[in-house]
Amino acid sequence: HDPRGPKPNEIVLLAASDGKGHNGGIDNILADVTPNRQEYADLHGYHYLFINITKYNIGNARPVWAKLPAIVEAFNLFPEAKWVWWLDLDAIIMTPTVELTAHILAQDVLREKMKKGVEMNKSGGGRSGIITSKNPDMGNIDIIVAQDQNGLNAGSFFIRRSEFSRILIDMWSEPLFIRENWNGQEQDALWHLVKEHPTVLEHLALVSQRQINAYPVNNVADMSWESGDLVVHIAGCWVKNECNDQWKKFMGRR
């Protein structure tokens, strides 16, 4: 693939839900999310795709698992697409002038922003002993993701069309993982693959949360959203019942 990164029409911004327009206690979230994402995609020439996940038969699995067939469908619907950006509904694009190839998807840019030779957090928090590559093969990078204090966070990540990513999604969707009912669900499944399969780690780029998945918290290095950052993810807001307040605050700051 082109080391200069994808052309605009080779990027799909993907969102999905059961269509109920309610996420983590945020009122009318779809009414806010749709123009936020569509306007951003239109500005840069990306594709924006919303999928109603009720079409997928995922049995008793939590809805978060539906992001995996949604990604497959996105690649199928847009055969020219090289990258899909999965972004949870409870995230807001704050700086729409940020262009994704120049920001993160060009190989030379990603090489500079990757966390190289860094210990990853294990699921649930704490040290893992798993170290990212000090000299990654950039042609092998197929998934770009950030971690928080609880490990990998799959609320915002990029996945590249490749034979490896096709196999990765197949492995990630393993019914045994779903039945495990891990606290972190699909995030813990991804962590399991990274931890137990060095080849998966070789294909993963770990980046700062501020690059693709900043949180609305104060004074936490690499995590806290700051003016000019691409996106804020209102994750964990339900703990203190702050979802609506935080959502309105950041929607008003765009």
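Predicted model only: the values in this text are computed from it and were never measured.

Structural notes on the packing of aromatic side chains
Within this structure, the stated rule accounts for six aromatic pairs. The interplanar angle of 65° and the centroid separation of 5.7 Å between the aromatic rings of Tyr40 and Tyr46 together place this pair among those described as edge-to-face. Between Trp85 and Phe158 the ring centres are 5.1 Å apart and the planes differ by 15°, which places this aromatic pair in the stacked class. Here the residue Trp85 occupies a position in strand E3 (residues 83-87), and Phe158 occupies one in strand E8 (residues 151-160), the gap between them amounting to 73 residues. One aromatic cluster is present, formed by Tyr40, Tyr46, Trp85 and Phe158 through successive ring pairs.

Thoughts on the pairing of strand E7 (residues 143-148)
The element E7 is largely enclosed, with a buried count of six among its six residues. Because side chains alternate across E7, one face comprises the buried residues Ile143, Val145 and Gln147, and the other comprises Ile144, Ala146 and Asp148, equally buried. By the bridge criterion, four bridges tie E7 to strand E9 (residues 204-207) in an arrangement that is parallel. Opposite Ile143, over in E9, you have Leu204 as the bridge partner.

Regarding the side chain of Asn36
As for its placement among the helices and strands, Asn36 is situated in helix H1 (residues 29-44). A distance of 2.9 Å separates the side chain of Asn36 from the backbone nitrogen of Ile93, its partner in a polar contact. Not counting the four nearest positions on each side in its chain, Asn36 is found in contact with Ile92, Ile93 and Arg254.

Here we look at the nonpolar core
Grouped together as the largest cluster of nonpolar side chains are 44 residues, with contacts concentrated most on Trp85, Leu100, Leu110, Ile144 and Phe158. Of all the elements, H1 adds the most residues to this core, at five residues. When sequence neighbours within four positions are dropped, the list of residues in contact with Leu110 reads Ile104, Met138, Ile141, Ile144, Ala205 and Val207. Counting 41 residues, the second largest nonpolar core, distinct from the first, contains Ile143, Val145, Leu190 and Val194.

Conventions adopted
- Residues numbered from 1 in each chain as written.
- Predicted model: local features only at pLDDT ≥ 70, side-chain atom pairs only at ≥ 80, totals over all residues.
- Heavy atoms only, no water.
- Phe/Tyr/Trp six-rings, centres within 6.5 Å; stacked < 30°, edge-to-face > 60°.
- Helix = DSSP H or I, 4+ residues; strand = E, 2+ residues; numbered from the N terminus.
- Buried < 20%, exposed > 50% of the residue type's maximum accessible area, 1.4 Å probe, protein only.
- Pairing = 2+ DSSP bridges.
- Polar contact = N/O pair within 3.5 Å; in protein donor to acceptor, adjacent residues only side chain to side chain.
- Contact = heavy atoms within 4.5 Å.
- Core = buried A, V, L, I, M, F, W, Y, C linked by side-chain atoms within 4.5 Å.

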